[in-house]
2 protein chains.
Amino acid sequence: MTTKVLAAADMTRLLEVVGRDQFMDLMIERLRARFLDHSADAVEVRTRDGFRYDKPDLGLIEWMPTHEIGGPVVVKMVGYHPANPIQRSLPSVIATSSMWDTETGQLVAIADATLLTAVRTGATSGLATELLARTGPIAVGLAGLGAQAITQLHAVSRVREIDHVIGFDDDPDVAASFAERADFLGLDIDTSGSDRAATILGEVDVLCTCTSVDIGAGPVISDCEARPWLHVNAVGADFPGKLELPSAFANRSFVVPDTLEQCLVEGECQQVSSDRIGPALSEMLQRADEFADRRDELTVFDSTGWAVEDDVALRLAVELATAHGVGSQIELERLPRDPHDPYGTV
Amino acid sequence: MTTKVLAAADMTRLLEVVGRDQFMDLMIERLRARFLDHSADAVEVRTRDGFRYDKPDLGLIEWMPTHEIGGPVVVKMVGYHPANPIQRSLPSVIATSSMWDTETGQLVAIADATLLTAVRTGATSGLATELLARTGPIAVGLAGLGAQAITQLHAVSRVREIDHVIGFDDDPDVAASFAERADFLGLDIDTSGSDRAATILGEVDVLCTCTSVDIGAGPVISDCEARPWLHVNAVGADFPGKLELPSAFANRSFVVPDTLEQCLVEGECQQVSSDRIGPALSEMLQRADEFADRRDELTVFDSTGWAVEDDVALRLAVELATAHGVGSQIELERLPRDPHDPYGTV
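(A) Here's a closer look at the relation of the copies chain A and chain B. Placing chain A over chain B gives an RMSD of 0.0 Å and needs a rotation angle of 180°, together with 0.0 Å of translation along the axis. Each copy turns onto its partner about a two-fold axis. Scanning chain A for the C-alpha nearest the rotation axis identifies Trp63 of chain A, at a separation of 4.6 Å. Mapped onto chain B, 100% of the interface residues of chain A again fall at the interface, so both copies present the same surface.

Right under this line is the structure:
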């Protein structure tokens, strides 16, 4: 067996061939199907674990393993190095996903998952938005205008008609470039406001927070009177002590974790009273009828990143790449003539 | 940054270029240096974890992450599928090692680690043999004559003069082919005996057990009067309930784990009384003067496979491959012109 490699350039090409909207729509569709089908008996998911360090800079490298019983093992390795964009012109989040055949233990595929991570994170917020946000033309807020903001907005635009967008970022260069980066969406985007963080809760129907706020430095927005039906996709909190939302606001909202155990350690759920925390997104989708009226209430989707999403994302990418002839194959693994002879091919 | 790929064929070529003996000697040397230098403060090692399943066949896929503070993160993914050799002509152990830069989170290298695993497992037994076995021309026993037996014998031959070798395997074809596979060692090898498992403990000075014994099916040798100075490298036990040695024999030996926590769950230490378990191999090497007289006693090295060994092995392979121009580079990771634009290169 050879190993399929989907490198950076392959993922770019795949997105061109398939089309951004179609790719995002398929990702949302596959996530929905998998979440609706999810049961703890059928999928083993390990809590994200990793190494965290503060030299040379603050950073972490983590692994997110998952195994659908009878299917492959998928492991995403993800690095988060917040100094990357400014110091090295690299993304803060760099990820690689690998798929393993459980019949033989062979590596089936390895893919750059940086783009995939951004797309699946957006797509999952899209699912939450579809479930929990008001319908009709909506105003969308973006706290933080980096890479994740693009895919958040893209996904929301696939599930809701957007009237206009209000965004802000601490870095004026990042704010200034956003409209161009999001130009393909054809939306009315305003990133000109000063101190929009003070008022954004009252100005929009859906808010996506996707900052690289430092540990202990949150929240990134001020509490104020929100629209009663405001839905927030809180994406940035993914580390103990890292929080984007004002505690008072989070605690008067209905909070939906992607995966509770992780959200309690790394997500907004760190600061949310247990009686405000609802079921996980997959369970809410399975019981959607019970939660229809939540669209009229304050809701928060606490997105820390669930390994099952990465499993879905990699499988979709491999499927599409195979269908469109994208990617390459390498003979990574040793296939000796005699499996009992480790030096056999020398 | 591009990612260095050391595929199966590259590892084969590297071994040809460097030479098997030189490669094994370097591996032993680097392991010794790292073990002597080891401290829990300087290296983070996660206990091996993974997914274990019994369909389609019994198997497991595990991850072994390690991080030398200030250095790279190395993760070995290892699959163990005991039906592979007979059903698929594949090795039962297939492994891949990856190295991550902790400054940026980028993937520095990915290597087929099947051969590397066999070599480092042999080399570690070599270190234990050097520390715990009698000197002078020795008789070596091999319980199990598969792939691991080759590198076990090779490593022992680099640290001790070998008078002759006695080996056996349940599979007559595997037994019959061993002498040819080990021919490069130029040793006197006898694999002709029937029921050698009943007497081997009394016939050799060093014994390496490296079978794929089923859970609950051990031991693979009978207890009998052993030479008082016998040293055993017990390599096969790596799963709860999987044991190669007779309990009575293990409990009258001085047992040295590679890493105690793991050995208590998966190794021979499962069946050994705590007062018979000594310090880990790295600690013994650091305090070698205190343990010199152990060479005259019954000793067992309980080798379950320590992630630090895989770190050492991958670094050595990457260093040698770079020096000798072996391997290829792929641009696995996305390097967008603007790190804030996930779709930027489309």
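Alright, that's what it looks like, and here's the rest.
(B) Main features of the packing of helix H2 (residues 20-37) of chain B against helix H4 (residues 114-132) of chain B. Residues and elements named next belong to chain B. One way to put it is that H2 packs onto H4 with a least axis distance of 9 Å and a crossing angle of 65°. Handedness of the H2/H4 crossing: right-handed. For the pair formed by H2 and H4, the contact residues are Phe23, Met24, Met27, Ile28, Leu31, Arg32 and Phe35 on the first element and Leu116, Val119, Arg120, Ala123, Thr124, Leu127 and Glu130 on the second. When its residues are assigned to classes, the contact of H2 with H4 shows ten nonpolar, one polar and three charged.

(C) Local environment of the pattern of salt bridges. In the structure shown here, the tally under the stated rule is 52 salt bridges over all chains. Put simply, Arg52 of chain A and Glu62 of chain A hold a salt bridge, and the shortest N to O gap is 3.1 Å. Within this pair, whereas Arg52 of chain A is found in strand S3 (residues 49-53), its partner Glu62 of chain A is found in strand S4 (residues 59-68), the two being separated by ten residues in sequence. Accessibility expressed as a relative area gives 31% for Arg52 of chain A, which makes it partly exposed. Among the salt bridges present, the one from Arg120 of chain B reaches Asp310 of chain B, with a minimum N-O distance of 2.8 Å. One end of the pair, Arg120 of chain B, is in helix H4; the other, Asp310 of chain B, is in helix H10 (residues 307-324), with 190 residues separating them in the sequence.

(D) Focus on the side chain of Asp311 of chain A. Looking at the element boundaries, Asp311 of chain A is found in helix H10 (residues 307-324). Ignoring sequence-local partners within four residues, the contact set of Asp311 of chain A consists of Arg34, Thr66 and Val74 of chain A.

(E) Structural detail: the sheet that holds strand S9 (residues 162-168) of chain B. Residue and element names in this part refer to chain B. Spatially, the seven strands line up as an open sheet ordered S10-S9-S8-S11-S12-S14-S13, and their pairing is parallel. The two strands at the open ends of the sheet, each matched to only one other strand, are strand S10 (189-190) and strand S13 (254-257). Of the pairings in the sheet, the one linking strand S12 (residues 231-234) to strand S14 (residues 299-302) comprises four bridges and is parallel in character. Counterpart to Ala234 in the pairing with S14 is Asp302. Here helix H5 (residues 147-159) sits on the sheet and contacts strand S8 (138-143), S9, S10, strand S11 (206-209) and S12; the angle it forms with S8, its principal contact strand, is near 165°.

(F) Just the sheet that holds strand S8 (residues 138-143) of chain A, in detail. Residue and element names in this part refer to chain A. The strand order S10-S9-S8-S11-S12-S14-S13 describes an open sheet built from seven strands, whose pairing is parallel. Both edges of this open sheet fall to strand S10 (189-190) and strand S13 (254-257), since each of them pairs with a single strand only. Of the pairings in the sheet, the one linking strand S9 (residues 162-168) to S10 comprises two bridges and is parallel in character. The residue bridging Ile166 from the neighbouring strand is Asp190, located in S10. With respect to the sheet, helix H4 (residues 114-132) is in contact with strand S11 (206-209), strand S12 (231-234), S13 and strand S14 (299-302), its orientation differing from that of S12 by roughly 160°. In the packing of helix H5 (residues 147-159) onto the sheet, the strands contacted are S8, S9, S10, S11 and S12, and the crossing angle to S8 comes to about 165°.

(G) Region of the structure containing the interface of chain A and chain B. Taken together, the contact pairs 75 residues of chain A with 75 residues of chain B. Across the interface of chain A and chain B, roughly 6700 Å² is buried in total on both sides, 69% from carbon and sulfur atoms. Where chain A meets chain B, there are four salt bridges. Its salt-bridge partner being Arg46 of chain A, residue Asp49 of chain B comes within 2.8 Å of it at the nearest N-O pair. For the pair chain A and chain B, the number of links is 20 residue pairs in polar contact (both at pLDDT 80 or more).

(H) The arrangement of the packing of aromatic side chains in detail. Inspection of every chain in the model, using the stated rule, returns eight aromatic pairs over all chains. With a centroid separation of 5.2 Å and an interplanar angle of 70°, the aromatic rings of Phe51 of chain B and Trp63 of chain B are classed as edge-to-face. You can see Phe51 of chain B sitting in strand S3 (residues 49-53) and its partner Trp63 of chain B sitting in strand S4 (residues 59-68), a full twelve residues away along the chain. Among the residues examined, Phe51 of chain B registers a relative accessible area of 0% and is labelled buried. Accessibility expressed as a relative area gives 4% for Trp63 of chain B, which makes it buried. Seen from the ring of Phe254 of chain A, Arg294 of chain A lies directly overhead, with NZ or CZ sitting 3.7 Å from the centre.

(I) Summary view of the pairing of S3 of chain B. All names here are of chain B. Two strands pair when backbone bridges link them, and S3 and S4 are joined in this way by five bridges, in the antiparallel orientation. From the neighbouring strand, Tyr53 faces S4, where its bridge partner is Gly59. Between the antiparallel neighbours S3 and S4 lie five residues.

(J) Inspection of the state of the cysteines at higher detail. All names here are of chain B. Enumeration over the complete set of coordinates arrives at zero disulfides over all chains. Between Cys208, a free cysteine, and Cys210, which holds the nearest cysteine sulfur, the sulfur-to-sulfur gap is 6.2 Å. Under the relative-accessibility criterion, Cys208 is labelled buried at 0%.

(K) Structural context of a nonpolar patch on the surface. Among the surface-exposed residues, Leu260, Leu264 and Val265 of chain A lie close enough to one another that they form a single nonpolar patch of about 240 Å² accessible area. In this fold, Leu260 of chain A is placed in helix H8 (residues 260-266).

(L) Structural detail: unusual backbone geometry. Residues and elements named next belong to chain A. Here the amide bond leading from Gly218 into Pro219 is cis, since omega sits at 0°, within 30 degrees of zero. Note on placement: Pro219 falls in the loop between S11 and S12. The phi dihedral of Ser89 falls on the positive side, at around 50°, and the residue is not glycine. Along the chain, Ser89 turns up in the loop between helix H3 (84-88) and strand S6 (93-100). The class for Ser89 is partly exposed, based on a relative accessible area of 40%. At Asp195, a position not held by glycine, the phi torsion is positive, near 55°. Examined against the element boundaries, Asp195 turns out to sit in the loop between S10 and S11. Classification of Asp195 by relative accessible area gives exposed; the value is 59%.

(M) Structural view of the pairing of S12 of chain B. Residue and element names in this part refer to chain B. Residues His231 and Asn233 point to one face of S12 and Val232 and Ala234 to the other, with burial holding for every one of them. Strand direction decides the pairing type here: S11 and S12, joined by four bridges, are parallel. Considered in S12, the bridge of Cys208 is made with Asn233.

(N) Inspection of the packing of helix H1 (residues 8-18) of chain A against helix H2 (residues 20-37) of chain A at higher detail. All names here are of chain A. Here H1 crosses H2 at 100°, and the two axes come no closer than 6 Å. Considering the angle they form, H1 stands roughly perpendicular to H2. Note on element contacts: H2 touches H1 through Arg20, Gln22 and Phe23, opposite Leu14, Leu15 and Val18. Of the residues that constitute the contact of H1 with H2, the class distribution is four nonpolar, one polar and one charged.

Definitions and limits used
- Residue numbers restart at each chain and count upward from 1, following the sequence in its written direction.
- To read the labels, note that chains go from A and ligands from 1, taken in the order they are written.
- Reporting in this predicted model follows two pLDDT cut-offs: at least 70 for local features of residues, and 80 or more for side-chain atom pairs to be given and counted; totals over whole chains, interfaces and linings ignore these cut-offs and use all residues.
- Derived side-chain values reflect all non-hydrogen atoms in the structure, with water molecules and hydrogen atoms excluded from consideration.
- We place the copies in one frame by least squares, fitting the C-alpha atoms of every residue whose pLDDT is at least 70 in both.
- In what follows, residue pairs with any heavy atoms lying within 4.5 Å of each other are defined as contacts.
- Here the axes come from fitting lines to C-alpha atoms, over the contacting stretch only for helices, and the angles between their N-to-C directions go from 0 to 180 degrees.
- In this description a helix means any DSSP run of H or I spanning at least four residues, a strand means any run of E spanning at least two, and both kinds are numbered starting from the N terminus.
- Should the near helix be turned counterclockwise from the far one by less than a right angle, the crossing is left-handed, whereas a clockwise turn marks it as right-handed.
- Side-chain classes follow a simple rule in which Ala, Val, Leu, Ile, Met, Phe, Trp, Tyr, Cys and Pro form the nonpolar group, Asp, Glu, Lys and Arg form the charged group, and the remainder, Gly included, forms the polar group.
- Salt bridges are identified by distance alone: a Lys or Arg side-chain nitrogen within 4 Å of an Asp or Glu carboxyl oxygen.
- Working definition: with a 1.4 Å probe on protein chains only, accessible area under 20% of the residue-type maximum means buried, over 50% means exposed, and in between means partly exposed.
- For two strands to be treated as a pair, DSSP must find no fewer than two bridges joining them.
- Here the buried area means the combined drop in accessible surface, using a 1.4 Å probe, for two parts upon being joined, counting both sides.
- Two N or O atoms count as a polar contact when they lie within 3.5 Å, although within protein this holds only if one can serve as hydrogen donor and the other as acceptor, and sequence-adjacent residues are included solely when both atoms are side-chain atoms.
- Stacked, edge-to-face and tilted labels apply to pairs of Phe, Tyr and Trp rings (six-membered ring for Trp) whose centres lie within 6.5 Å, assigned for plane angles under 30 degrees, over 60, and everything in between, in that order.
- Any Lys NZ or Arg CZ that is within 6 Å of a ring centre and within 35 degrees of that ring's normal is treated as a charge sitting over the ring.
- A pair of sulfur atoms, both from cysteines and within 2.5 Å, is called a disulfide here.
- Residues enter patches when they are more than 30% accessible in relative terms and free of salt bridges; like-charged ones are connected within 9 Å and nonpolar ones (Val, Leu, Ile, Met, Phe, Trp, Tyr) within 5 Å.
- In short, Shrake-Rupley with a 1.4 Å probe defines the accessible areas, and a residue's cover is counted only from the protein chains shown.
- Should an angle fall under 35 degrees it is called roughly parallel, over 145 degrees roughly antiparallel, and 65 to 115 degrees roughly perpendicular, with every other angle called oblique.

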